[in-house]
Amino acid sequence: MSNSNTIRDILEQIHFLQIQLNDLNESLRRAPLVLKAQEVNIQKQLANLNLINETYQKLGADAKRKELEVVANDQALDKRRTQLQEAKSNKEFQALQLQIKADEAARSVLMDEALEVIEKADQYALNVPVAETELKKARELHETTKKKFLEEKPEIEAKIILFKQLLEAEEVKLPRDFSEIYNRLVRSVGGNEALAIVENQKYCGGCNHQIPINSLAQILQKKPITCSSCARLLYLPQDFVFDKG
Ligand SMILES: [Zn+2]
């Protein structure tokens, strides 16, 4: 294997490991954020359910109050009907009859109102199981995510340790002129942004900028060449065929 192939292979392997490490670190970083967002959602669903329950209870109390008004009205009616039977004069009898008619009219209105409030409460009751289901779903999602994360975490951490070791083993193989550029890029832009493969014979795999033909020739001559647009250190794919245009 020629030296240029070796450098190419090292850069490709480093790039692969840097991307893996970035993905693994990213999943570790993201998991608590996802869990936190899910907790916020649970609180939101809980507050919503509480509000719906409060409103439902208030409507229930309204309905109860109306029912009591009907009962009170009925008791008043019974009382006046008794008084009517015991009326001592025609005048008193007529006055009580008028009062009873008024009470009966009031009863009809109260009954309508009571039915309306009861129906409203019954309709509103449908919101309770919907909100309960939403809360249950939010809690279940959080539990599943948490369980999955706790299961995966040790595996991810072990992979990170392994990949870091593999990365270090590759990095020490880089010639000095490459490692100087590479190390500077790792510090300034991060490991996974430090390298790019040349795609479709002439484009930077990082930013799609076209690489000049003389730069490609220099890469083949084992020179460390960076993309003039995104500054990534470039390497060629294994099946690269130099096309002089
Ligand atoms: Zn680029």
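What you see is a predicted model, and the numbers here were worked out from it, not measured in a lab.

A few points about the domain arrangement of the protein chain
Here is step 1: The assigned domain composition of the protein chain is domain 1 (3-171) and domain 2 (176-235).
Here is step 2: Computed over C-alpha atoms, the centres of domain 1 and domain 2 are 54 Å apart.
Here is step 3: Of the residues forming the side of domain 1 that touches domain 2, the biggest block, twelve residues, is contributed by helix 1 (residues 3-85).
Here is step 4: Per-class residue counts for the side of domain 1 that touches domain 2 are five nonpolar, five polar and three charged.

Observations concerning the sheet that holds strand 3 (residues 233-235)
Note: strands within a sheet are paired through backbone hydrogen bonds, in either parallel or antiparallel orientation.
Here is step 1: Read from one edge to the other, the open sheet built from three strands follows the order 2-1-3, with strand pairing classed as mixed. The open sheet has two edge strands with one neighbour each: strand 2 (203-204) and strand 3.
Here is step 2: As judged from the three bridges shared by strand 1 (residues 195-199) and strand 3, these two strands associate in the parallel manner. Across the sheet, residue Leu195 finds its bridge partner in strand 3, namely Leu233.

Description of the nonpolar core
Here is step 1: Of all hydrophobic cores here, the largest spans 20 residues; its most connected members are Leu195, Val198, Cys204, Ile211 and Leu234.
Here is step 2: Looking at this core, the elements that each hand over two or more residues are helix 1, helix 4 (176-189), strand 1, helix 5 (213-220) and strand 3.
Here is step 3: With four residues, helix 1 is the single largest residue contributor to this core.
Here is step 4: Excluding residues within four positions of it along the chain, Leu195 makes contact with Leu11, Ile14, His15, Gln18, Arg232, Leu233 and Tyr235.

Calculation criteria
- Residues numbered from 1 in each chain as written.
- Predicted model: local features only at pLDDT ≥ 70, side-chain atom pairs only at ≥ 80, totals over all residues.
- Domains from an automatic or database assignment.
- Helix = DSSP H or I, 4+ residues; strand = E, 2+ residues; numbered from the N terminus.
- Nonpolar A, V, L, I, M, F, W, Y, C, P; charged D, E, K, R; others polar.
- Pairing = 2+ DSSP bridges.
- Core = buried A, V, L, I, M, F, W, Y, C linked by C-beta atoms within 7 Å.
- Buried ≥ 20, exposed ≤ 12 C-beta atoms within 10 Å, placed from the backbone.
- Contact = placed C-beta atoms within 7 Å.

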